[in-house]
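Listed here are the chains, written in short residue letters.
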Amino acid sequence: MSFLQDPSFFTMGMWSIGAGALGAAALALLLANTDVFLSKPQKAALEYLEDIDLKTLEKEPKTFKAKKLWEKNGAVIMAVRRPGCFLCREEAADLSSLKPKLDELGVPLYAVVKEQIKTEVKDFQPYFKGEIFLDEKKKFYGPQRRKMMFMGFIRLGVWYNFFRAWNGGFSGNLEGEGFILGGVFVVGSGKQGILLEHREKEFGDKVNPLSVLEAAKKIKPQTLASEKK
């Protein structure tokens, strides 16, 4: 048992423990930056979206079915993860940059939020050039709600998104629920269906505006469709 009195034995043991801990941390970091632990999104059916109850944000809110947003001219709809999030504000500004072209196509731009806290929606409005509605039951974030918790803060992609938005001059706050991931939909008129469904994979995983515009160009206004029949 004389080796127990050898200081080098303990030094080697501590080094082994440290190396093992570093290896485990490196493996965890590597796995966190893959899609292994990300919940897979479940695509929404048109019938599912049509039946969602939305509310206006007036003093006396009115409830209506979501299908009214797109039944005549289709629609581009952003499901906002959190209005105060500077990453969501960046994506809202990107979508709003399409507004002139969407107007030419006759396609409206809308957003839905999960909650109405203080002046968060009002403060979000300068970044988003369309009407905003309340989805209290968070149906637009389903059918299977996906969350990204604190693992998001060790993903390199998330940090890249942070710096991109910061460099773009966007800022925000920490008000409200921000873990349930959002998305963007392009829905055709009537029963044309869902033409684009982008589900946020991680914080700041924004939709490609060009993809949104291409999908919007495929929308057939209900009035024109009925005239051709």
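Provided above is the structure to which this section pertains.
Calculation notes
Residues numbered from 1 in each chain as written. Predicted model: local features only at pLDDT ≥ 70, side-chain atom pairs only at ≥ 80, totals over all residues. Heavy atoms only, no water. Helix = DSSP H or I, 4+ residues; strand = E, 2+ residues; numbered from the N terminus. Polar contact = N/O pair within 3.5 Å; in protein donor to acceptor, adjacent residues only side chain to side chain. Contact = heavy atoms within 4.5 Å. Buried < 20%, exposed > 50% of the residue type's maximum accessible area, 1.4 Å probe, protein only. Pairing = 2+ DSSP bridges. Axes fitted to C-alpha atoms, helices over the stretch in contact; angles between N-to-C directions. Left-handed = near helix turned anticlockwise from the far one by under 90°. Nonpolar A, V, L, I, M, F, W, Y, C, P; charged D, E, K, R; others polar.

K.L.:
Quick question: what am I supposed to make of the side chain of Glu202 here?
P.N.:
Along the polypeptide, Glu202 turns up in the loop between strand 7 (194-199) and helix 7 (209-216). Polar side-chain contacts of Glu202 include one of 2.5 Å to the side chain of Arg155. Setting aside anything within four residues of it in sequence, one finds Glu202 in contact with Met148, Arg155, Gly157, Val158, Asn161 and Leu181.

K.L.:
Please clarify how the pairing of strand 4 (residues 109-113) should be interpreted in this entry.
P.N.:
Within strand 4, five of the five residues are buried, which leaves it mostly tucked inside the rest of the structure. The alternating pattern of strand 4 places Leu109, Ala111 and Val113 and Tyr110 and Val112 on opposite faces, both of which are buried. Two strands pair when backbone bridges link them, and strand 3 (residues 75-79) and strand 4 are joined in this way by four bridges, in the parallel orientation. When the sheet's bridge partners are listed, Met78 is paired in strand 4 with Ala111. Pairing of strand 4 with strand 5 (residues 131-134) involves four bridges; the strand directions are parallel. Opposite Val112, over in strand 5, you have Phe133 as the bridge partner.

K.L.:
In this structure, what is going on with the packing of helix 3 (residues 86-96) against helix 6 (residues 156-167)? I would like to understand it.
P.N.:
Any two packed helices are characterised by the angle at which their axes cross and by the distance between the axes. Direction vectors running N to C along helix 3 and helix 6 enclose 65 degrees, while the axes themselves pass 9 Å from each other. By crossing handedness, the relation of helix 3 to helix 6 is classed as left-handed. Contact with helix 3, carried on its side by Phe86, Leu87 and Glu90, involves Asn161, Phe162, Arg164, Ala165 and Trp166 of helix 6 and no other residues of that element. Residue composition of the contact of helix 3 with helix 6, grouped by class: five nonpolar, one polar and two charged.

That's the geometry; what it means functionally is another story.
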